[in-house]
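What the coordinates show
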Amino acid sequence: MKTSKRLALILLAGIILCPRMHTEIIYPWKNTCIGALEDKAWAGLVLVPDKKKVFAFRLRVIKGEETADGLDLLYLVSEVGPHSPDGKYARVKFDLSLPFGKGNETPILKKPASKKDVMTLEWSRQDENTVVGKISYPKYIEIALHHYFPWNYNGVYRSLKGRYILGTGSSGGPLQYLFWSSREAQTSEALENGDHVQTFARTREVYFVVSLGEDLNIMKNHIYRYKNEKAIDSFLKEESQRYQQARVKIKGYNEGICSAITNNLFWMTLYQPGHHRLYTPAGRKWIFPKPDGIKDHWTIFEWDSFFNALEVSIESSKHAFDILRSVLQTQYTNGNIPNWRSRYNGTPDRSQPPVGAYVVLKIFQRTADVDFLNFAYPYLTKWHSFWKARTLSGRFRRDGNGDGLLEWGSDRILVNRRKYPEWEVDTTGKQRAMWESGQDDLPNWDEAGFNDSSGTMTMNCIDLNSLYALDAYCLSQIASILQKRRDHRLYSDEYESMKKLINDVLWDNREGFYFDRHWNGTFSKRKASSNFFPLIAMIPTRRQALRMLRHLVNEKYFWGEYVIPTISRSDPKFKEQQYWKGTIWPPTNYLVYHGLKAYEFDAAASEFAKRSVSLFMKSWENFQLCPENFDSRTGEAGGQRHQSWGPLFALIALEEYMDITPWEGFRFGVLNPEKKGTLSRMSIQGRHYELKISSRGIKLKEEGKEIIRTNGGAIFRRFLYSEPEVSFDISTFEKRKITIRFLNKGKYELMVNDQTIEIFSAKSKKIKIPKGKTKIVILMLKKEE
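What you are looking at is a predicted structure, and each value in this text was computed from that prediction instead of being measured. (Residues numbered from 1 in each chain as written. Predicted model: local features only at pLDDT ≥ 70, side-chain atom pairs only at ≥ 80, totals over all residues. Heavy atoms only, no water.)

1. Topic: the overall build of the chain
Broken down by element type, the chain carries 14 helices and 41 strands. Since a compact globule built from 785 residues should have a radius of gyration of about 28 Å, the 27 Å found for the chain is in line with a globular shape. Across its three principal directions, the C-alpha atoms of the chain cover 80 × 75 × 50 Å. Looking at the chain residue by residue over its 785 residues, the buried ones come to 64%. Looking at the chain alone, contacts between residues at least 24 apart form 64% of all its contacts between residues at least 6 apart. Accessible surface computed for the chain: about 29500 Å², of which carbon and sulfur atoms make up 47%. Side chains of the chain give 116 positive and 91 negative charges; the mean places of these two sets differ by 5 Å. (Helix = DSSP H or I, 4+ residues; strand = E, 2+ residues; numbered from the N terminus. Rg over C-alpha atoms; globule rule 2.2 N^0.38 Å. Buried < 20%, exposed > 50% of the residue type's maximum accessible area, 1.4 Å probe, protein only. Contact = heavy atoms within 4.5 Å. Areas by Shrake-Rupley, 256 points an atom, 1.4 Å probe, with all protein chains shown as cover. Lys, Arg positive; Asp, Glu negative; His and termini not counted. Charge placed at Lys NZ, Arg CZ, Asp CG, Glu CD.)

2. Topic: the pairing of strand β36 (residues 705-710)
One ladder, built from four bridges, connects strand β35 (residues 697-702) with β36; its direction is antiparallel. Note that in β36 the partner of Leu 700 across the bridge is Ile 708. In sequence, β35 turns back onto β36 through a hairpin of two residues, with Glu 703 there showing a positive phi of about 50 degrees. The pairing of β36 with strand β39 (residues 736-752) spans three bridges and is classified as antiparallel. Within β39, the position partnered with Thr 710 by the bridge is Ile 738. (Pairing = 2+ DSSP bridges.)

3. As for empty space enclosed by the protein
Inspection of the entire model under this criterion finds eight cavities of 30 Å³ or more. By volume, the largest cavity is sized at about 110 Å³. Around the largest cavity sit 15 residues that line it, and Ile 34, His 83, Pro 85, Leu 278 and His 319 are the ones nearest its centre. Of the voids in this model, the second largest cavity is the one considered here, and its volume is about 80 Å³. As for the second largest cavity, its lining consists of 13 residues, of which Tyr 75, Val 77, Lys 111, Leu 625 and Arg 641 are closest to the centre. Each residue belonging to the lining of the second largest cavity can be placed in one class, and the counts come to nine nonpolar, two polar and two charged. (1 Å grid on protein atoms, 1.4 Å probe; cavity = no way out; pocket = protein on both sides within 12 Å on 5 of 7 lines; lining within 4 Å. Points joined across faces, edges and corners; volume = space filled by probe spheres on them. Nonpolar A, V, L, I, M, F, W, Y, C, P; charged D, E, K, R; others polar.)

4. Some words on the sheet that holds strand β12 (residues 155-160)
Read from one edge to the other, the open sheet built from eight strands follows the order β7-β8-β9-β10-β17-β14-β13-β12, with strand pairing classed as antiparallel. One side of each edge strand has no neighbouring strand; the edge strands of this open sheet are β7 (77-83) and β12. The mean inter-strand angle of the sheet, taken between neighbouring strand axes irrespective of direction, is 15 degrees. Where β12 and strand β13 (residues 164-169) come together, six bridges link them in antiparallel fashion. By the bridge assignment for β13, Tyr 157 is matched with Gly 167. Sheet contacts for helix α1 (residues 216-224): β9 (118-127), β10 (130-136), β12, β13, β14 (176-181) and β17 (205-213); angle to β14, the most-contacted strand, approximately 40 degrees. Against the sheet, helix α3 (residues 257-267) contacts β7, β8 (90-95) and β9, and its axis sits at roughly 100 degrees relative to β7. (Axes fitted to C-alpha atoms, helices over the stretch in contact; angles between N-to-C directions.)

5. Observations concerning a positive patch on the surface
Together, Lys 735, Lys 737, Lys 766, Lys 768 and Lys 771 make up a region of like positive charge exposed at the surface. When you line up the elements, Lys 737 lands in strand β39. (Patch = residues over 30% accessible without salt bridge, like charges linked within 9 Å, V, L, I, M, F, W, Y side chains within 5 Å. Salt bridge = Lys/Arg side-chain N within 4 Å of Asp/Glu carboxyl O.)

6. Digging into the layout of surface pockets
Taken as a whole, the largest pocket encloses approximately 470 Å³ of empty space. Together, 24 residues line the largest pocket, and Thr 391, Ser 410, Asp 411, Arg 412 and Ile 413 are the ones closest to its centre. A class-by-class count of the residues in the lining of the largest pocket yields six nonpolar, ten polar and eight charged.

7. Describing the packing of aromatic side chains
Considering all chains together, one arrives at 55 aromatic pairs under this definition. Centre to centre, the rings of Phe 307 and Trp 645 are 6.3 Å apart; their planes meet at 65 degrees, and the pair counts as edge-to-face. With a gap of 338 residues between them, Phe 307 in helix α4 (residues 302-312) and Trp 645 in the loop between β30 (637-638) and α14 (648-657) connect regions that are remote in the sequence. One exposure class covers both Phe 307 and Trp 645, and it is buried. Taken together through their ring pairs, the aromatic side chains of Trp 303, Phe 307, Tyr 579, Trp 580, Trp 585, Tyr 590 and Trp 645 make up a single cluster. Against the face of Phe 100 rests Lys 63, its NZ or CZ located 4.4 Å from the ring centre. Here Arg 325 stacks its cationic end above the ring of Phe 375, 5.4 Å away from the centre of that ring. (Phe/Tyr/Trp six-rings, centres within 6.5 Å; stacked < 30°, edge-to-face > 60°. Lys NZ or Arg CZ within 6 Å of the ring centre and 35° of its normal.)

8. Some words on helix α10 (residues 485-505)
Across its 21 residues, α10 extends 30 Å between first and last C-alpha, which sits within 8% of the 30 Å expected from 1.5 Å per residue. Those residues of α10 lying buried are Tyr 491, Glu 494, Tyr 495, Met 498, Ile 502 and Asn 503. Along the axis of α10, the buried positions cluster into a sector of 160 degrees, meaning they face one direction only. Exposed and oriented more than 90 degrees from the buried face of α10 are Arg 485, Arg 486, Asp 493 and Lys 500. (Expected span 1.5 Å × (residues − 1). Arc of directions from axis to C-beta.)

9. Side note on the side chain of Arg 58
Relative to the assigned elements, Arg 58 resides in strand β5 (residues 53-63). For Arg 58, a relative accessible area of 8% puts it in the buried group. Reaching out from Arg 58, the side chain makes a polar contact with the side chain of Asp 69 at a distance of 2.9 Å. Among residues more than four places away in sequence, those in contact with Arg 58 are Lys 40, Ala 43, Gly 44, Asp 69, Gly 70, Ala 144, Leu 145, His 146 and Tyr 148. (Polar contact = N/O pair within 3.5 Å; in protein donor to acceptor, adjacent residues only side chain to side chain.)

10. Some points on the side chain of Asp 195
Of note, Asp 195 is situated in the loop between β15 (187-190) and β16 (196-201). Put simply, Asp 195 is tucked away with no salt bridge, and the nearest opposite charge, on Arg 58, sits 6.0 Å away. Looking at Asp 195, its side chain comes within polar contact range of the side chain of His 146, at 2.9 Å. Dropping the residues within four chain positions of it, Asp 195 is found in contact with His 146, His 147, Tyr 148, Phe 149, Tyr 157, Glu 189 and Ala 190.

11. Let's talk about the pattern of salt bridges
With the rule as written, the count across this model stands at 48 salt bridges. Salt-bridge contacts for Asp 233 lead to Lys 134; the nearest nitrogen and oxygen are separated by 3.3 Å. Within this pair, whereas Asp 233 is found in helix α2 (residues 229-246), its partner Lys 134 is found in strand β10, the two being separated by 99 residues in sequence.

12. Observations concerning the packing of helix α5 (residues 317-328) against helix α6 (residues 356-367)
Across the interface, α5 lies against α6 with an axial gap of 12 Å and an inter-helix angle of 160 degrees. One way to sum up the angle between α5 and α6 is to call them roughly antiparallel. Seen from above, α5 lies across α6 with left-handed handedness. Residues Ser 317, Ala 320, Phe 321 and Leu 324 of α5 pack against Val 359, Val 360, Ile 363 and Thr 367 of α6. Its residues placed into classes, the contact of α5 with α6 shows six nonpolar, two polar and no charged. (Parallel < 35°, antiparallel > 145°, perpendicular 65-115°, else oblique. Left-handed = near helix turned anticlockwise from the far one by under 90°.)

13. Overview of a nonpolar patch on the surface
A cluster of nonpolar residues, Leu 392, Ile 413 and Leu 414, forms a patch on the protein surface that exposes about 370 Å² of accessible area. Position of Leu 392 among the secondary structure elements: in the loop between α7 (370-388) and α8 (429-436). Judged by relative accessible area, Leu 392 falls into the exposed class, the value being 83%.

14. Describing the confidence of the model for the chain
With 96% of its residues at a pLDDT of 70 or more, the chain has an overall mean of 94. In the predicted structure, residues 1-22 sits below a pLDDT of 50 and forms 64 contacts with residues beyond four places in sequence or in another chain. (pLDDT = per-residue confidence, 0-100.)

Here you go:
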């Protein structure tokens, strides 16, 4: 098939086909991984040339009798600054006026901190193996640079004349580490384990260069070109400006949300020993222990990782694919992609919500990377089979009563109590099933029974069944793209079957809502935010969906200044606001938002997005927090302070501007823009897009050239823009005029709602459309010179 050099949208699954072009920020490095890639090294750098050799340094801060080291510094962060995906520029700041060593008790102060109390670490990767940087800190502070080998790697560091530290690994070939500092260290101490610590007192600034190489003299000559404070300042300034120009950004309405997403995610990116790649954990504090109780080398959570891939994909498909590979390859032989897995531990007994195929398809739609789709597909299909596979007992794994619907569960036979962390050792099967749900203590589970024989709850769960149906649908679309016709039919049929079962069994027509249902046939009456998951799977009819919408916007249940609580405001457990008992969580908001968009409930979705991003950005802008969850009564941040899926709230607002999804294809625009806003540098399948929104109209540019505009608010869906055809569905509140610029002058046929309106010759066309929803198709009949 010969593809046009321009954007062409194939309606099947909303796929765009075009030549692969590098319009996002490219990751140019061949092999070496460099960054703050260990959980405790947020204030530091890790350099990993290959699987066998790792070098690192981190900052330790001394303030009188107080010392902050490793994860202590996480609580002192005052600016989660820019961090380009290629590592060419990164900046983070710490408020050293705060007390050290207090952990979660560390006060949360409004930012920015006073300049006199701030320590700044700024660095820029210059080539495959070289980084330059600068540490600025208050005059009352002493800093120590601790050169070390993370993750049980071994070697030795030693001091050389000329303010150098030389590091040599004990394995992995001749590659060495050379660190130069602009100031003479006050002390320089070699430790018994091979580490080396330099201390610097009251110098205010330390510039540094660190590089990897085989020959010491060549390394010194290479570093020589950077050994100048003004030159390092110049490099840092230049790369900071370059990244600002290249990154995805919004000006005006919801300004700052793009940087909130990427700053957080790239600073949470870590290295995965044993695989020589990057991944993103649930957060820097979410590395679980090995069976011996010592912290493991990495920990990957299932649905956290899939959502993290969506977040980073707005700037780096390379990072997104690394994250997806990392989570897919946690898979056990029985198909289970587990709740969590570490290098030496994991949860073979249970999985987590099946959002993988949805995320992979969505990222494919943005990147058109068929090679990655081919890689991911076997993992996804094996995982999908896991849920209904027959176990040794002859039962279906998560269909304990054999009625075709699923329950959360745990495979007791796979539980290894000698290997699990202490908090899991004496845990019940029901608690493990609750962990599998991803909503660990959701009140819905309080009334659920647990059947030890089947290893499942005795309640069909609406959230699991909806996401499983969505998984089947997305797999059918992926199979079609990969031309696996038999699989496409198989998953399409299963989706339709699950859709019917869910509607027949889990829909309560009296309430106009979906509920969990006990095996004895009685409905649970608990209303959770995850009870809206049938929307994203497009399970309900439109009439059913409208009835569900009434529950969402009812302030007695879910609506309010802060949305959406995990359990109804009318539930007795709502007032506890503890973990999943009434708080607001990023993944549920994200899935509910996309359910609203799937049914084109655009006004409700826009308001939902507005309230979601407002909740997040208050915490981000005022306190530089990226919280795990929020109190749904006060909007106060809760849980971990820096959680990797926290920016999903901001991603919702970004995707209000522009997105590409399995149900809507390429979508852009806003029905009723409250303010002016411009989204720029958005990369979709090798083309850059800019979208301007305002009350005066919508304007879309592709590679700097305007291709379509309106004279007021509008939302375009299933947008196709190619030489032979331009087509889309458009929704508006009022009558609108559209101006379309074609790729070539030609003779065209205009169809409105499947009826031919006129034949015309032109290079552009103005069309009047009525309010409501209108389908436009313009076909080229003849190209004209």
